[in-house]
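Chain and residue survey
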Amino acid sequence: MKLSSIIITAIILLSSGLAFAQTADEIINKIDQNMSAENRIVESSMTIHGKRNSRTMTSISYSVGDQQSFTEYLSPAREKGTKMLKLTDKLWIYSPSTDRTIQISGHMLRQSVMGSDFSYEDMMDDRKLLEMYSAEIIEKTELNGVKVFVMELKAKVEDVAYQTRKMWVDVEHFIPLKEELFAKSGQLLKQTTLSDIQKVQGKWFPMHMVYKDMLKTGDGTEMQITSIKFDQDIPEYIFTKAALKQ
């Protein structure tokens, strides 16, 4: 009888664990459904809060899946016309001031984008979370009065910038409201807060984000999305090196 009880208890615990893991995957899948799209066009402003002053840039970005993206900076005058093109794992930047196109690769991908708290590496990786991480629910609690799942994501592939991610996920909308990104050593590298959740074409999406590189001074980089459109007609020509100089 004792052995039977142990076996039954073990089966119950194992089943509970599997259900828990499945629930975690379901949550991450819903986040991916909200944050990913076949294609999208985004207009935004990026404010970099430095140690002494702040500066704001505006841009428009086009992306198809996680393999192609094109960004053009619209203001201020000194940044206007700067363009970035990503094709799979390659990134090119065109500077109108020098009329040159350079490729960013290797360790250069860890450098800051326009002096912001984003790295080129951050911009490059648009893969779905479920493709890169296994997830676990740590607890269910509240963040600023909003019910959230606290989740831990651990890398299951080698080519990721952050080995571990801790995420506070809105229970209702399935959007991360806060995220901490860690190195293999366990050091906290970056922190993100997301807010102003709006429904756009059936998807919940954060229109305001603050991204902080914990190894830098300053108050982080603020991103405000002014327009986002999914499933648009984007000309294939945009995703070519020739488009960088147009």
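Residues numbered from 1 in each chain as written. Predicted model: local features only at pLDDT ≥ 70, side-chain atom pairs only at ≥ 80, totals over all residues. Heavy atoms only, no water.

Some thoughts on the side chain of K83
- On the secondary structure map, K83 appears in strand β4 (residues 83-87).
- Salt bridges are absent for the buried K83, whose nearest opposite-charge side chain, E72, sits at 4.4 Å.
- At 3.4 Å, the side chain of K83 forms a polar contact with the backbone oxygen of L244.
- What K83 contacts, discounting residues up to four positions off in sequence, is F70, T71, E72, W92, I93, Y94, A243, L244, K245 and Q246. (Helix = DSSP H or I, 4+ residues; strand = E, 2+ residues; numbered from the N terminus. Buried < 20%, exposed > 50% of the residue type's maximum accessible area, 1.4 Å probe, protein only. Lys, Arg positive; Asp, Glu negative; His and termini not counted. Salt bridge = Lys/Arg side-chain N within 4 Å of Asp/Glu carboxyl O. Polar contact = N/O pair within 3.5 Å; in protein donor to acceptor, adjacent residues only side chain to side chain. Contact = heavy atoms within 4.5 Å.)

Regarding the pattern of salt bridges
- Counted according to the given criterion, the structure contains 10 salt bridges.
- Ionic pairing is found between D159 and R127, a salt bridge with its closest N-O pair at 3.3 Å. Separated by 32 residues along the polypeptide, D159 in the loop between β8 (146-155) and β9 (164-170) and R127 in the loop between α2 (120-124) and α3 (129-132) bring together distant segments of the chain.
- Two residues, E180 and K178, come together in a salt bridge whose shortest N-O distance is 4.0 Å.
- A relative accessible area of 14% means that E180 is categorised as buried.
- One network of salt bridges, in which partners are shared, links R55, R78 and E79.

Side note on the pairing of strand β5 (residues 90-95)
- Direction of pairing for β4 relative to β5: antiparallel, over a ladder of five bridges. Counted as the bridge partner of K86 is L91 from β5.
- Two successive antiparallel strands, β4 and β5, enclose a turn made up of two residues, where T88 displays a positive phi of approximately 50 degrees.
- Once β5 ends, the chain turns through four residues before running back antiparallel as strand β6 (residues 100-104), passing D99 with a positive phi of about 55 degrees. (Pairing = 2+ DSSP bridges.)

A word on the packing of aromatic side chains
- In the structure shown here, the tally under the stated rule is three aromatic pairs.
- On the basis of an interplanar angle of 50 degrees and a centroid distance of 6.5 Å, the ring pair of Y62 and F70 is categorised as tilted.
- By relative accessible area, which is 19% here, Y62 ends up buried.
- Sitting above the plane of the W168 ring, K178 keeps its charged end 4.6 Å from the centroid. (Phe/Tyr/Trp six-rings, centres within 6.5 Å; stacked < 30°, edge-to-face > 60°. Lys NZ or Arg CZ within 6 Å of the ring centre and 35° of its normal.)

Describing the pairing of strand β11 (residues 188-200)
- Bridge count between strand β10 (residues 176-182) and β11: five bridges; the pairing is antiparallel. Among the inter-strand pairings, E179 is bridged to a residue of β11, identified as T192.
- Relative to strand β12 (residues 203-213), β11 runs antiparallel, the two sharing 10 bridges. Residue L194 lies in a different strand from β12, and its bridge partner there is M209.
- Remark: two residues form the turn of the hairpin made by β11 and β12, two consecutive strands paired antiparallel; Q201 in that turn has positive phi of roughly 50 degrees.

A few points about the confidence of the model for the protein chain
- Of the residues in the protein chain, 91% reach a pLDDT of 70 or more, and the chain-wide mean stands at 90.
- With pLDDT under 50 throughout, residues 6-22 is counted as low confidence; its partners more than four residues away or in other chains account for two contacts. (pLDDT = per-residue confidence, 0-100.)

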